[in-house]
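Here is what each chain is made of, one letter per residue.
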Amino acid sequence: MSSNSTLSVDNKAVELPVMEGTIGPSVIDISKLYAQTGMFTYDPGFTSTAATEAKITYIDGDKGILLYRGYPIDQLAEHGDFLETCYLLLYGELPTAAQKADFDYRVTRHTMVHDQMNRLFTGFRRDAHPMAIMVACVGALSAFYHDSTDISDPHQRMIASMRMIAKMPTLAAMAYKYSIGQPFVYPQNDLDYTSNFLRMCFAVPAEEYKVNPVLARALDRIFILHADHEQNASTSTVRLAGSSGANPFACIAAGIACLWGPAHGGANEAALKMLEEIGTPDRIPEYIAKAKDKNDPFRLMGFGHRVYKNYDPRARIMQKTTHEVLNELGIKDDPLLDVAMELEQIALKDEYFIEKKLYPNIDFYSGITLKAMGFPTSMFTVLFALARTVGWIAQWSEMIEDPSQRIGRPRQLYTGAPQRPYILEARRG
Ligand code: SDX
């Protein structure tokens with residue numbers, strides 16, 4: 001159902017259609033505004049802008065609700081596994097047992113990468129940031145898999161999607177192994193997705209590696225929590241890159257590059273470094289004061305969110321998973337967890353954070369869990385990218401399959417120099 005809104009511009013009434021979604025805010029369709037008024041809208045951070053219609057993920061920031069294809073995140077995290085969530089995000093429905101088995105089989109058989117990619121790694125310094133390696137290697141997939149880069153062919157799009165989801169764990173594990181000077185471990189088809197990833201990261205040729213099922217389940221749940229999140233910065237990057245017709249591997253590489261930023265997916269690495277810098281609970285007030293000081297660029301990493309003005313539902317599940325993992329590993333009192341929980345308690349009672357509706361987000365607790373599992377901080381955002389790949393692919397597919405899809409090309413408010421004549425160098429001051 002739609003209605004109209006009226007905008008008055010220079011005393012001229014402009015009728016703009018209002019479109020309603022299934023749930024959530026309606027939108028005012030301004031696509032004809034420039035033609036009717038000669039004016040653009042202005043919304044630099046896209047705080048009030050819906051860039052697309054979508055059916056994949058819904059967030060209610062005030063109520064702290066996150067739905068994947070209508071299913072609440074806590075129910076998916078509790079009852080399903082990551083590949084079930086991948087199937088749901090890609091195809092829109094939960095799979096039957098037969099569909100799930102077929103999907104698992106297809107993903108599993110795309111986990112190996114072209115062996116020449118091993119040589120690509122040797123060009124990097126061993127201390128290269130793994131996210132730099134991921135941006136490079138994911139983009140380079142389009143140099144190996146020419147049979148799945150034609151985006152006009154639905155079959156090639158499906159193969160590219162399977163390859164992306166299947167190969168991210170392999171590339172992520174290779175980036176980790178390369179950074180610690182250990183040999184790459186090939187995927188093993190008789191392991192589930194997340195167990196395979198843990199083995200590729202932590203197995204060594206010198207001995208058998210036994211996957212800890214509690215840790216595998218916890219990491220699989222962490223992947224579910226990170227799988228998609230509406231039109232966040234990296235997803236919007238993937239959609240914009242895809243709108244030009246770029247191949248899916250290049251689009252995902254662009255998403256990884258955007259996710260790397262500390263304001264976005266890089267916050268999990270930054271949050272853990274912040275907790276380590278604070279060190280002990282008695283230093284928390286000093287950092288809370290820094291976070292509140294307008295003249296200090298310091299922010300509490302893992303706190304705040306553009307959409308959530310309530311507790312990030314993923315952060316609650318993340319916190320529970322953190323305790324589960326620390327218990328399984330016999331870590332009774334993790335000083336970082338002590339600092340994190342004390343910091344959360346103090347911040348949530350502080351007027352500044354209450355007034356600005358700043359709550360812990362998914363990145364606040366994830367680092368503690370991943371560090372306890374044995375991952376270095378430099379790998380935290382790589383794991384975020386691994387999990388978010390299915391969300392990027394699902395959103396990219398939705399955009400490509402939209403018959404009204406056009407290249408994204410925003411405009412601007414120009415405040416630069418007016419037109420002026422060229423000045424010969426001899427006459428410049
Ligand atoms: C992710 O978009 C997504 O969905 C992202 C994500 C996903 O799944 O894809 O959820 C993943 O990126 C989570 C967010 C991870 N980032 C961090 O934890 C970094 C710390 N947080 C902030 O940088 C910030 O909260 C953002 C970037 C997350 C949100 O920024 P906004 O929406 O642009 O908010 P803002 O910067 O305008 O802040 C509003 C006010 C400001 O104060 P005033 O200028 O109004 O006085 O709140 C303050 C900010 O200074 N503020 C903080 C703060 N976050 C915001 N003050 C202290 N510490 C913070 N963390």
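An account of the accompanying structure is given in this report. (Residues numbered from 1 in each chain as written. Predicted model: local features only at pLDDT ≥ 70, side-chain atom pairs only at ≥ 80, totals over all residues. Heavy atoms only, no water.)

### Comments concerning the pairing of strand β5 (residues 65–68)
Piece 1. Summarising the sheet, strand β4 (residues 57–60) and β5 pair through four bridges and their orientation is antiparallel. By the bridge assignment, Thr-57 is partnered in β5 with Tyr-68.
Piece 2. Counted along the chain from β4 to the antiparallel partner β5, the turn is four residues long, and its residue Gly-64 has a positive phi close to 70°.
Piece 3. Note: β5 against strand β6 (residues 71–72), two bridges, orientation antiparallel. When the sheet's bridge partners are listed, Tyr-68 is paired in β6 with Tyr-71.
Piece 4. Counted along the chain from β5 to the antiparallel partner β6, the turn is two residues long, and its residue Arg-69 has a positive phi close to 50°. (Pairing = 2+ DSSP bridges. Helix = DSSP H or I, 4+ residues; strand = E, 2+ residues; numbered from the N terminus.)

### Points about the site of the ligand
Piece 1. Near the ligand there are 24 residues, and of these His-229, His-305, Arg-306, Arg-314 and Arg-388 occur at the shortest range.
Piece 2. Interatomic distance of 2.9 Å between a side-chain N/O atom of Asn-361 and an oxygen atom of the ligand.
Piece 3. Here the residues of the shell around the ligand sort into 10 nonpolar, seven polar and seven charged. (Near = heavy atom within 4 Å. Polar contact = N/O pair within 3.5 Å; in protein donor to acceptor, adjacent residues only side chain to side chain. Nonpolar A, V, L, I, M, F, W, Y, C, P; charged D, E, K, R; others polar.)

### Here's the deal with helix α18 (residues 380–401)
Piece 1. The terminal C-alpha atoms of α18 lie 32 Å apart, and with 22 residues this matches the ideal 32 Å at 1.5 Å per residue to within 8%.
Piece 2. Along α18, the largest kink reaches about 40° and is centred on Arg-388.
Piece 3. Counting buried positions over the 22 residues of α18 gives 21, a clear majority of the element. (Expected span 1.5 Å × (residues − 1). Bend = angle between axes of the 7 residues up to and from the residue. Buried < 20%, exposed > 50% of the residue type's maximum accessible area, 1.4 Å probe, protein only.)

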